[in-house]
Amino acid sequence: MTTDTRALTRGDCSRKWGRTMKLATLLFYGFALGLVAVGLREVLTGFEEDRCSMTYMFQYPEFRRVPLPHRVARRYPAYGLYLYGEGAYAQETRELQLFGAPVIFLHGNSGSYKQVRSLGSVALRKAESAQGGLHFNVFTVDFNEELVALYGGSLRRQTLFLHESIKAILKLYKHLKTPPQSVVLVGHSMGGLVARALFTLPNFNASLVRLIITQATPHLAPVLVLDHYLRDFYLSLRKKWVQQADELRNVTVLSIGGGHRDYQVRSGLISIPCSPGDPTKLSLVATAVPRTWVSTDHLSIVWCKELVLTTVRAFFDLIDPETRQFTDNQAKKSAVLNHHFVRHPARMLGDTQEASFPIQDAPEAWSEVNSLRLAYRAPKEVEVKYFTFALSSRRKADSHFYCRSNNLDMTSWVYGCVRQNGSSCRNVSFHSVHTVDLSNGTELLPLYKVLTLSLSDLSSFTHVVVSAPNVSGKQFTLECEWQRQQSVALSLPVPHVLSLGLTVSEVTVSSSGLFHTIELKHFHEVYQAFRIHIASECKARKVGRSPSVFRMKVPWFFEDVFTTASVPSVAEISGMLHTNRPDNVSSVVLQLHTSPNCQYKVSVRLSLPKMLGQILRFFLPMVPVYTTVTLLLACGGQLSNICKTQRAASMSLVLYKGLQPHKVNLCVYILHILFSWLKSTWSLLCLPMMDVAPPIFPDVALDDDTTPCAEWPYLLHPLLYVIGAGVAFWGTVLLRLGVRLVSLILAVLHRSSISRDCGTLRLRTQLLITIFLTILGWKTCGAVPVMAAFALHLYRVLRLQMAERSLRHILNLAPQKHRKHSITEARECNSAPLLSECALWEVKDDLQLHLCLSALLTIPVILSAPSLVYWSRNLGYSTQLDPDPYWPYFVPLCVVYLRLINCNTQKLTNSKLLHPTSFLPLPVSVAMVIFCPMHLYRVTYFLLGALVPLALCCVL
């Protein structure tokens, strides 16, 4: 075989190997993109349908601007305070002569003060039927729709303006004999944080606010930390509300989350960080709220009629009838909020036994039940019935008494009775000490009100009396039975996450009872996600069977989920959690309120799409870090390739070689182990704590004063790395396509060049541009010069793309096949003519280098975009962003961007710093994974640490 034949054979093998590698790369990154697509689809659409009812205004809403002191209006020109009104009420309050109880609504990130319409309108409608003329004056604060979730620099300013607004509102009531001394705050999203931040002000009187209700507010931790101002804001809140909790015992805070429909603020973040066992701080999900039972998205939680009605009912119950203002009694506030938001006892708050029902002493109204179960359907006519159950005959055989009713008035309905000397319960007055109301333990569920009594707690009674008055002629059903806990409590181990949905855990409930519980063993982690199917079938068809109610009860957090189903049917519950289980707490329990004499089959199967959705829901803020790590390692691979071969490789190849999760994650694991051993030394080095996991436990958050709270997320780092690499790869694909398309348009307007120096800047020009950008950033916003410097570098990439296309056309060359060139060949190109294949190689190499750099330089631009958007939306009030999260970091960023414009492969090859610089991306990537997942703004700092030596390589 001749030398030429062997060379051709090696060339063919090389091309085949290159095609194979390219195909493998596309398949891998296609798989990563598929994971992201499936997970995002599950996050955005994989939940129940929106069952919230819309709230409507019955009259045209009006917003009356409340005048503020001149110094306040001058200091905060973009903000405003308004009073909400409709119809006649709006006319009555035209002069701001107010007599109601003040409530202030605070909108959230990019929200509108007009979102108060739902709360204000419902409060006005309910006040029309309230006794004594009780009503509320609902105010709303306009924060100019600021993006405070992405830019934390204005949160302090909003807090100060809210303080001034509260003082201005309370001055409107000075004409009253008993003016209000405090206001109630209702905050949506970031507005809830602003409400809590009032107490961090040094001159704030804590008695001005005694009740705060927040809706979808991320109390536990921010969704994204894009600047240190937001981080500092959260740290100050935590320091005040956790470390100084005793000072805030008189402040009641209720936090409500939307559930899985809210993909902007996951409901695990709505938990209020507070000292353990504080009864004045309550966190729950809307799906668990009685008379609501729906999941809301981030915006509908404001106007969801079911939740708004619950809130307004609580407001009216919180009014002190003597002062006609919100009560300051801490016990009453806790009782009212628990009544309406936690466990509704199916009776009106404050109802007494005397108001429950009239006692009927007629013998025909009383029935003694001797069977194991009672099933009673009230007739359409008016009728009063009482059912008595003897306890003495059931104490040994049974452990509980269960009773439920649907469509029954919300009054007391179950009593304990003591028979003495052969008398009967109907001969004993319900006002006497022999009869006790047992209805306080009632729970209000969808379709039913349910009461379960433990016989061990009824030792002082001889009988249980169930009242079933049908005074309005409204039909209802009543079902009661004796239960033995051992026979109705089952357990079912859920499939392991590695089962990949191939195995199913099943259990059949064949008992004829009304209530069963199934403990879902080992179901207590947020990354677990299951499809729970409950199939019911009955042997005999019966018209009017009681529907079933299924409840997934989470013992450690108020995030229960309810599902109703007819019989027979197949119902599905999405088994997903908002928080991880703390230690020493039982697993999730599935409660089945069933139809009698029917069989229920419960099957649990792991759902891979839902599990991916859970991972993205909790860890999506960490993906940009892994995307940056992939791009940085790809840049390091490009530098190594230039150092070895004096040639630049293609973007797809360096991205494939830069995929090194084993190196990065192994270093992270080792450092985590060392951190647990050398914690004190770590602190002495003034290093921040490691960002290894988002907060996943209720009342636990990660900050500089706490340690990582869970080790299981380490198992997910490789998966997050793959997802981040997929985002990096397809992002660079879009970048390359965009460069090619824009270069085609630019070629029409711009004269093409065939030199590798096209688009470069002279040193004097760079100096002048740097000075100009510095002044521009100082006078406006630090993100502006960063964007401008990136645009100049992108122009260099476009010129290189145009030069590469022009050279190909001039030389009439087909697209070059991928082949390796020796160092000797690369050196020979230095003396080649301008129009030669070597010149094309040089331009191609520079283009690949700058494409790699552009992809990496895009990251700081994206991270600075929120502050740029915030600044642009406030140009009407100020031309300078204050405070600026990118001051003074934009100066070295601009210098690096401008220096890299003139960089090329030849300069890098001749640089003495290239070899050590090529090893720098790996330790910087490890540092990013350790310190940046929960603090994204730190990514820019670490990128500067890698880009500054690279910029020096282009000079030295």
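Criteria and cut-off values
- Residues numbered from 1 in each chain as written.
- Predicted model: local features only at pLDDT ≥ 70, side-chain atom pairs only at ≥ 80, totals over all residues.
- Heavy atoms only, no water.
- Pairing = 2+ DSSP bridges.
- Helix = DSSP H or I, 4+ residues; strand = E, 2+ residues; numbered from the N terminus.
- Axes fitted to C-alpha atoms, helices over the stretch in contact; angles between N-to-C directions.
- Parallel < 35°, antiparallel > 145°, perpendicular 65-115°, else oblique.
- Left-handed = near helix turned anticlockwise from the far one by under 90°.
- Contact = heavy atoms within 4.5 Å.
- Nonpolar A, V, L, I, M, F, W, Y, C, P; charged D, E, K, R; others polar.
- Patch = residues over 30% accessible without salt bridge, like charges linked within 9 Å, V, L, I, M, F, W, Y side chains within 5 Å.
- Areas by Shrake-Rupley, 256 points an atom, 1.4 Å probe, with all protein chains shown as cover.
- Salt bridge = Lys/Arg side-chain N within 4 Å of Asp/Glu carboxyl O.
- Core = buried A, V, L, I, M, F, W, Y, C linked by side-chain atoms within 4.5 Å.
- Buried < 20%, exposed > 50% of the residue type's maximum accessible area, 1.4 Å probe, protein only.
- Phe/Tyr/Trp six-rings, centres within 6.5 Å; stacked < 30°, edge-to-face > 60°.
- Lys NZ or Arg CZ within 6 Å of the ring centre and 35° of its normal.
- Disulfide = S-S within 2.5 Å.

## Structural notes on the sheet that holds strand 24 (residues 529-538)
Then step 1. Spatially, the four strands line up as an open sheet ordered 22-29-24-27, and their pairing is antiparallel. On the outer flanks of this sheet lie strand 22 (504-509) and strand 27 (569-576), each paired with one strand and no other. Across the sheet, the mean angle from the axis of one strand to that of its neighbour is 15 degrees, orientation sign disregarded.
Then step 2. Of the pairings in the sheet, the one linking strand 22 to strand 29 (residues 598-606) comprises six bridges and is antiparallel in character. Within strand 29, the position partnered with glutamate 506 by the bridge is serine 603.

## Some points on the packing of helix 21 (residues 837-873) against helix 22 (residues 890-901)
Then step 1. Their axes nearest at 12 Å, the elements helix 21 and helix 22 cross at an angle of 165 degrees. Here helix 21 is positioned roughly antiparallel relative to helix 22, judged by the angle of their axes. Note on packing geometry: the crossing formed by helix 21 with helix 22 is left-handed. Counting all contacts with helix 21, which are made through His850, Leu853, Leu857, Pro860 and Val861, the residues of helix 22 involved are Leu893, Tyr897, Leu900 and Ile901.
Then step 2. Taken together, the residues of the contact of helix 21 with helix 22 sort by class into eight nonpolar, one polar and no charged.

## Looking at the sheet that holds strand 19 (residues 463-470)
Then step 1. Across the sheet, which stays open at both edges, the five strands sit in the order 11-13-19-15-16 with mixed pairing between neighbours. Edge positions in the open sheet fall to strand 11 (366-369) and strand 16 (435-437), since each of these has one partner strand only. Each strand axis lies, on average, 25 degrees off the axis of its neighbour in the sheet, ignoring direction.
Then step 2. Looking at chain direction, strand 15 (residues 414-417) and strand 19 are connected through four bridges and run antiparallel. Within strand 19, the residue paired with tyrosine 415 across the bridge is valine 465.

## Focus on a nonpolar patch on the surface
Then step 1. Judged by side-chain polarity, Leu666, Ile670, Ile673, Leu674, Trp677 and Leu678 come together as a nonpolar surface patch covering roughly 600 Å² of accessible area.
Then step 2. As for its placement among the helices and strands, tryptophan 677 is situated in helix 15 (residues 661-677).

## Points about the nonpolar core
Then step 1. By size, the foremost hydrophobic cluster in this structure holds 135 residues, and its most contacted members are Ile532 and Leu908.
Then step 2. Tallying contributions element by element places helix 21 first for this core, with 13 residues.
Then step 3. Setting aside chain neighbours within four positions, we find isoleucine 532 in contact with Leu520, Met552, Ala571, Glu572, Ile573, Gly575, Leu590, Val602, Ser603 and Val604.
Then step 4. Grouped together as the second largest cluster of nonpolar side chains are 92 residues, Leu170, Leu208, Phe233 and Cys304 included.

## A look at the packing of aromatic side chains
Then step 1. Within the structure shown, the criterion is met by 34 aromatic pairs.
Then step 2. Ring plane angle 80 degrees and centroid distance 5.4 Å describe the contact between phenylalanine 63 and tyrosine 113, whose orientation is recorded as edge-to-face. One end of the pair, phenylalanine 63, is in strand 1 (residues 61-65); the other, tyrosine 113, is in the loop between strand 3 (101-106) and helix 4 (117-128), with 50 residues separating them in the sequence.
Then step 3. Feature note: the residues Phe28, Tyr29, Phe729 and Trp730 constitute an aromatic cluster, connected by ring pairs.
Then step 4. One cation-aromatic arrangement involves lysine 779 over tryptophan 778; the distance from NZ or CZ to the ring centre is 4.4 Å.

## Describing the state of the cysteines
Then step 1. Tallied over the full model, the rule gives four disulfides.
Then step 2. Between the sulfur of cysteine 403 and that of cysteine 480 lies a disulfide, 1.8 Å long from S to S. One end of the pair, cysteine 403, is in strand 14 (residues 400-406); the other, cysteine 480, is in strand 20 (residues 477-483), and 77 residues separate them in sequence. Neither cysteine 403 nor cysteine 480 differs from the other in exposure class; each is buried.
Then step 3. The partner cysteine of cysteine 538 in its disulfide is cysteine 598, sulfur to sulfur 1.9 Å.

## Some points on the pattern of salt bridges
Then step 1. Tallying each qualifying case throughout the model produces 22 salt bridges.
Then step 2. A salt bridge links aspartate 278 to arginine 249, with the shortest nitrogen-to-oxygen separation between them at 3.2 Å. Taken together, the residues span a long stretch of sequence, with aspartate 278 in the loop between strand 7 (252-257) and strand 8 (281-285) and arginine 249 in the loop between helix 7 (228-243) and strand 7 at a distance of 29 residues.
Then step 3. By relative accessible area, arginine 249 is classed as partly exposed at 32%.
Then step 4. In this structure, lysine 601 engages glutamate 506 in a salt bridge whose closest nitrogen and oxygen atoms are separated by 3.7 Å. A residue pair is termed long-range when its members are at least 10 positions apart, and lysine 601 in strand 29 and glutamate 506 in strand 22 qualify at 95 residues.
Then step 5. Exposure remark for lysine 601: the relative accessible area of 39% places this residue in the partly exposed category.
Then step 6. By sharing partners, the salt bridges in this structure join Asp246, Arg249, Asp278 and Lys281 into a single network.

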